[in-house]
Amino acid sequence: MSAYEEEMETAGNLGRKLGLNRRQFLAATTGMAAVAAVTAAGPMKSVARAANGILVPPPRRGIILYTVRDAISRDPLSSNLPSGFRAVLQELGRIGYAQVEFAGYAQHANAEGGASLESVAGARLLRGWLDDSGLAAQGNHGFIPGSWPLNQADLDRFKLHLEIANILGMKHVGTGNDPTSSAYKADWDVAAEKWNALGQIATEAGLKLYTHNHDVAYSFLLDSGPLDAQGRPTRSSGIRRLEYFLQNTDPKHVWLEMDIFWAHVAQYKHKTYTAPDGSAQTQIFNPLGVVQAQTMRFPLFHAKDGKINTGTANGYDMVPFGTGDIDYKSFFSEMGAKGYHNPMYEQDNAPGGTANPGQSLQYAALSYNNISKLRG
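Predicted model only: the values in this text are computed from it and were never measured. (Residues numbered from 1 in each chain as written. Predicted model: local features only at pLDDT ≥ 70, side-chain atom pairs only at ≥ 80, totals over all residues. Heavy atoms only, no water.)

*Asks:* Quick rundown of the overall build of the protein chain? Include the residues and the values.
*Replies:* Looking only at helices and strands, the protein chain has 13 helices and 14 strands in total. The 376 residues of the protein chain split such that 50% are buried. Contacts in the protein chain between residues far apart in sequence, at least 24 positions, make up 72% of those at least 6 positions apart. Carbon and sulfur atoms make up 52% of the accessible area of the protein chain, which amounts to about 16,100 Å² in all. (Helix = DSSP H or I, 4+ residues; strand = E, 2+ residues; numbered from the N terminus. Buried < 20%, exposed > 50% of the residue type's maximum accessible area, 1.4 Å probe, protein only. Contact = heavy atoms within 4.5 Å. Areas by Shrake-Rupley, 256 points an atom, 1.4 Å probe, with all protein chains shown as cover.)

*Asks:* Explain the packing of helix α5 (residues 84-95) against helix α13 (residues 359-372) residue by residue, including any values.
*Replies:* The N-to-C vectors of α5 and α13 enclose an angle of 25°; their axes lie 10 Å apart at closest approach. Taken as axis vectors, α5 and α13 run roughly parallel relative to one another. In the packing of α5 onto α13, the handedness of the crossing is right-handed. Where α5 approaches α13, its residues E91, L92 and I95 are matched on the opposing element by L361, A364, A365 and Y368. Among the residues forming the contact of α5 with α13, the class breakdown is six nonpolar, no polar and one charged. (Axes fitted to C-alpha atoms, helices over the stretch in contact; angles between N-to-C directions. Parallel < 35°, antiparallel > 145°, perpendicular 65-115°, else oblique. Left-handed = near helix turned anticlockwise from the far one by under 90°. Nonpolar A, V, L, I, M, F, W, Y, C, P; charged D, E, K, R; others polar.)

*Asks:* How would you explain the nonpolar core if you had to name every residue and give the values?
*Replies:* In this structure, L92, F102, L168, M258 and F332 are the most contacted members of the largest nonpolar core, which totals 79 residues. Sequence-distant contacts of F102, defined by excluding residues within four places in its chain, comprise I64, L65, F85, L126, L130, A137, G139, N140, H141, L168 and M170. (Core = buried A, V, L, I, M, F, W, Y, C linked by side-chain atoms within 4.5 Å.)

*Asks:* Residues and numbers for the sheet that holds strand β3 (residues 136-140), please.
*Replies:* Pairing between sheet strands relies on hydrogen bonds along the backbone, with the strands arranged either parallel or antiparallel. The eight strands are arranged β3-β2-β1-β14-β11-β8-β5-β4 in an open sheet whose pairing can be described as parallel. Two strands close off the open sheet at either side, each with one partner strand: β3 and β4 (172-174). Ignoring which end each strand starts from, the neighbouring axes of this sheet average 30° apart. (Pairing = 2+ DSSP bridges.)

*Asks:* Can you explain the pattern of salt bridges? Please cite residues and give values.
*Replies:* Counting across every chain of the model gives eleven salt bridges. Between D131 and R127 there is a salt bridge, and its shortest N-O distance comes to 3.2 Å. Here D131 pairs with R127, and both are found in helix α6 (residues 120-133), just four residues apart, close to one helical turn. Salt-bridge contacts for R232 lead to D228; the nearest nitrogen and oxygen are separated by 3.0 Å. Owing to a relative accessible area of 23%, D228 belongs among the partly exposed residues under this scheme. Residues joined by salt bridges that share partners form a network here, namely D259, K304, E346 and D348. (Salt bridge = Lys/Arg side-chain N within 4 Å of Asp/Glu carboxyl O.)

Structural measurements only, silent on function.
Encoded structure:
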């Protein structure tokens, strides 16, 4: 039995004596350790001491359900594999995950609860299944209003998502998309204004609003002349789009979830820009440096691994966590605020299709094991 398995067995035994499930016991004991350490050494040191060299403490080990979307959308009447939210959550809890990030609330129509659980009643069902599986909900890639200024229908649906998040016990609510797909400063100014307003609404509901990045969000902002025929800038001052967004949004109301894989793709792809004077400039992106500069602004990560493949446009192939070339040991040990962040394992290509319908959950188990081994 590994040290981690012994740790989990001990937690389970003690938790049962106290009438707590594993997640509740781990949360309670982590909290007690943190309080004791804060008294001795202050907040930052307390988290590091509690982790005891473990880079991702057990209560922080999560998965975004997009990784196992094939299992959630599978017909439970035609498969003996875990199918639908309830069975998949049970399997993820059995593997050892402590938290999940939702990617919407849709499942197969034949699964318990029906096709859509995007409702107060659906959220109550999900919350019961989470509790039964020993899992906590941490966030969701859900609805962000398309209108700005907000129309009433968008505002009502956004508030419904905040209500659902609170029923599920989430601390964060967000989206899987960039704030805007535009390259132009004017559009990012509008996006910042909109997200500041949405973030304030979320804060008033007791939640942190976050946006999620892909590689293009770390490409260079077009913010300098000369202008094109439509009056838009054609050159860059050298600031990247999402860095500009960070500078122009309120850190009390807007947070980010860095997808570490796509940030490394950005490092590979987005290296050069044309300066205002017309010269070609090279600037290599540093994902870790962005986080180190304001680490508390990144409460969640997508822990997605990649194997270097310069024969592809992205420079990496997605692989199960711990089987690629991204240096997660250095990233997690050097980003600061050790033990604060919530890494969510993700692998877009985990589903194996009809050839291997159990692959996404198999990869979830392999990746969990590799996350639990990280030390630093």
